[in-house]
Amino acid sequence: MRLWSGRGVLGLSPVPIPNRSVRFPIGLTGAAPTVIAALAGLTWIFWGDHAGAAVLGPTGILAVGAFVMVAEIRARAASRAARLYQRLADHSTDMIVSFDPETQKRSYVSPSCRQLYGYEPDEAMRMAATEIIHPDDFPNVRAALNQINGSGQGVVTYRGRRKDGIYIWVEASLTAFRNPTTGATEIVSVIRDISDRVRAESALRDAKRQAEAANHAKSEFLSTVSHELRTPLNAVIGFSEIMERELLGPIGNEKYRSYIVDIQRSGKLLLNVINDILDLSKAEAGKWELTEDVFDVEQTLRAVLRLLKPRLDEADLSAAISLPTSLPLLRADERKTQQVFFNLLSNAVKFTPPGGRIDVVGQHDHENGITIRVRDTGIGIDPEKLECVFEPFMQIDSALSRKHSGTGLGLSVVRAIMEHHKGSVELKSDVGNGTEAILVFPAERVLEADESVRVSAHGVVRS
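Here we look at a nonpolar patch on the surface
Part 1 of the argument: Together, Phe239, Ile242, Leu247 and Leu248 give the surface a local cluster of nonpolar side chains, amounting to about 470 Å² of exposed area.
Part 2 of the argument: Considering the arrangement of structural elements, one finds leucine 247 in the loop between helix 8 (195-245) and helix 9 (254-285).

Dropping the structure here:
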């Protein structure tokens, strides 16, 4: 077959064009075959024109064809992704809505609108936002929409009105994006029902308020009862001391004398328990006030050991204090700090078998303050129960602990006192390997050496 070039049509010399065929990739559909066929036809027509052949030759056909095929492959992939996203949105249990942030006009509502609000998607498309969002919550929704204009994402919780008129709590995750078709900025909102969660959180808050009220009432009761018990108990202790000393004459019967000693010891023990309860109830009620002094920690510790010396001797225990000579002074409530040391050392004495040892060591650094460690060689505590011993009235069950009296308030009071000093207390222990109590008084309660403070026998004076 012989075709004529453009020059032949114009009356110039005819130029034969070779018979060439073009094969398209298998499965290629759409615009690509049409474009390539047109290019091939133009090439045949203008083959005699050297400029046209240079532009529309086989290389041109292949280049343009490759470009068209890549574009069509991308279009197909985009179409498949769009169909996939459409299926995901149609079958999602969360409601998906796309809308204009300014006009609130919706461009898409997923079918899950039926389960969430009871409306058909086409009904929801025509509704205004104010018809669904609770009037009291609409300002929060508007604020969330304004916020995502800057960040691109946001979450808002509000009450939505169902078709039956019932309001439910929903959570909307908002994301701003640019519509590829219109180029306008839209908001995609993924909405889910959180009514059950809101009810659970409300019930939890109510329970917390009730527990706090009950705890406050308990603390007030314990505080009142403790005050009422201390007055007659002080009288019992005072009169028993008068009788023990026979200030008003001899008693005569030795058994009565031993009974009086028992009355006095029991009275003092009960008074200590009442004082612990009173201190703990004040701490829980937030009515505990610190009377701050400046004192030497070592002197306070040695005073406590002197009080415990009879019990140490009776239990056949040794105790030693090892503190650096440069340990600075402490600004704290001295009486309550002494109570902390007394409770910890009393526990060490109580739970250390005869022949054991108690060591008190201390250190100071500018960052952490003063650290005091009370170590014993006692029966120890199961590590899993270390935190439990700080609970009021908690006692670790063991054969040795049953041999000693106690209410389980000592460590609770220690923690309360340390927390009021902005400090901390920690226990390290293991069964059969003794216990170590670690007290940390914060750096702001430490008086450094450059403050020129020293302790004399009569108190704190400045040099």
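Still to come is the rest of the account.
Brief notes about helix 10 (residues 297-314)
Part 1 of the argument: In this model, helix 10 (18 residues) spans 26 Å end to end at C-alpha, consistent with the 26 Å of a helix rising 1.5 Å per residue.
Part 2 of the argument: The axis of helix 10 is deflected most strongly, by about 55 degrees, at leucine 308, and proline proline 310 appears within four residues downstream.
Part 3 of the argument: For helix 10, the set of buried residues is Val297, Thr300, Leu301, Ala303, Val304, Leu305, Leu308 and Leu312.
Part 4 of the argument: Tucked into the core, helix 10 has its buried residues touching strand 6 (292-295), strand 7 (318-322), strand 8 (329-333), helix 11 (334-350), strand 9 (357-365) and strand 10 (369-376).
Part 5 of the argument: Capping of helix 10 at its N-terminal end is provided by aspartate 296; its side-chain oxygen lies 2.9 Å from the backbone amide nitrogen of glutamate 298.
Part 6 of the argument: Remark: aspartate 316 follows helix 10 within two positions and exhibits a positive phi of approximately 55 degrees.

Topic: the pattern of salt bridges
It is possible for side chains bearing opposite charge to pair when their charged atoms get close.
Part 1 of the argument: Under the definition given, this model contains 20 salt bridges.
Part 2 of the argument: For the salt bridge of aspartate 94 with arginine 192, the shortest nitrogen-to-oxygen distance reads 2.6 Å. One end of the pair, aspartate 94, is in the loop between helix 4 (58-91) and strand 1 (95-99); the other, arginine 192, is in strand 5 (residues 185-193), with 98 residues separating them in the sequence.
Part 3 of the argument: Residue aspartate 94 is classed as buried on the basis of its relative accessible area of 14%.

Considerations on empty space enclosed by the protein
Part 1 of the argument: Applying the stated criterion to the full structure yields two cavities of 30 Å³ or more.
Part 2 of the argument: If you go around the largest cavity, you meet 18 residues; those closest to its centre are Phe99, Arg106, Ile133, Tyr158 and Ile191.
Part 3 of the argument: For the lining of the largest cavity, the secondary-structure elements that each account for two or more residues are strand 1, helix 7 (138-151), strand 3 (153-161), strand 4 (167-178) and strand 5.
Part 4 of the argument: At three residues, strand 1 tops the list of elements feeding residues into the lining of the largest cavity.
Part 5 of the argument: Among the residues making up the lining of the largest cavity, the classes are represented as 15 nonpolar, two polar and one charged.

What about the pairing of strand 2 (residues 106-109)?
Part 1 of the argument: When strand 1 meets strand 2, the two strands line up antiparallel, connected through three bridges. Paired with valine 97 across the strands is valine 109, a residue of strand 2.
Part 2 of the argument: Connecting strand 1 to the next strand, strand 2, in antiparallel fashion are six residues, including glutamine 104 with a positive phi near 65 degrees.

Some details on the sheet that holds strand 11 (residues 424-429)
Part 1 of the argument: The strand order across the open sheet built from five strands is 7-9-10-12-11, with neighbouring strands paired in mixed fashion. Looking at which strands have only one partner, the edges of the open sheet turn out to be strand 7 and strand 11. Between one strand and the next, the sheet's axes are offset by a mean angle of 15 degrees, whatever the strand orientation.
Part 2 of the argument: Relative to strand 9, strand 7 runs parallel, the two being bridged by five bridges. Its bridge partner lying in strand 9, serine 318 is registered against arginine 357.

Reading the values: the criteria
Residues numbered from 1 in each chain as written. Predicted model: local features only at pLDDT ≥ 70, side-chain atom pairs only at ≥ 80, totals over all residues. Heavy atoms only, no water. Patch = residues over 30% accessible without salt bridge, like charges linked within 9 Å, V, L, I, M, F, W, Y side chains within 5 Å. Areas by Shrake-Rupley, 256 points an atom, 1.4 Å probe, with all protein chains shown as cover. Salt bridge = Lys/Arg side-chain N within 4 Å of Asp/Glu carboxyl O. Helix = DSSP H or I, 4+ residues; strand = E, 2+ residues; numbered from the N terminus. Expected span 1.5 Å × (residues − 1). Bend = angle between axes of the 7 residues up to and from the residue. Buried < 20%, exposed > 50% of the residue type's maximum accessible area, 1.4 Å probe, protein only. Contact = heavy atoms within 4.5 Å. Polar contact = N/O pair within 3.5 Å; in protein donor to acceptor, adjacent residues only side chain to side chain. 1 Å grid on protein atoms, 1.4 Å probe; cavity = no way out; pocket = protein on both sides within 12 Å on 5 of 7 lines; lining within 4 Å. Points joined across faces, edges and corners; volume = space filled by probe spheres on them. Nonpolar A, V, L, I, M, F, W, Y, C, P; charged D, E, K, R; others polar. Pairing = 2+ DSSP bridges. Axes fitted to C-alpha atoms, helices over the stretch in contact; angles between N-to-C directions.

In short, the description is geometric, and any link to function would need to be established separately.
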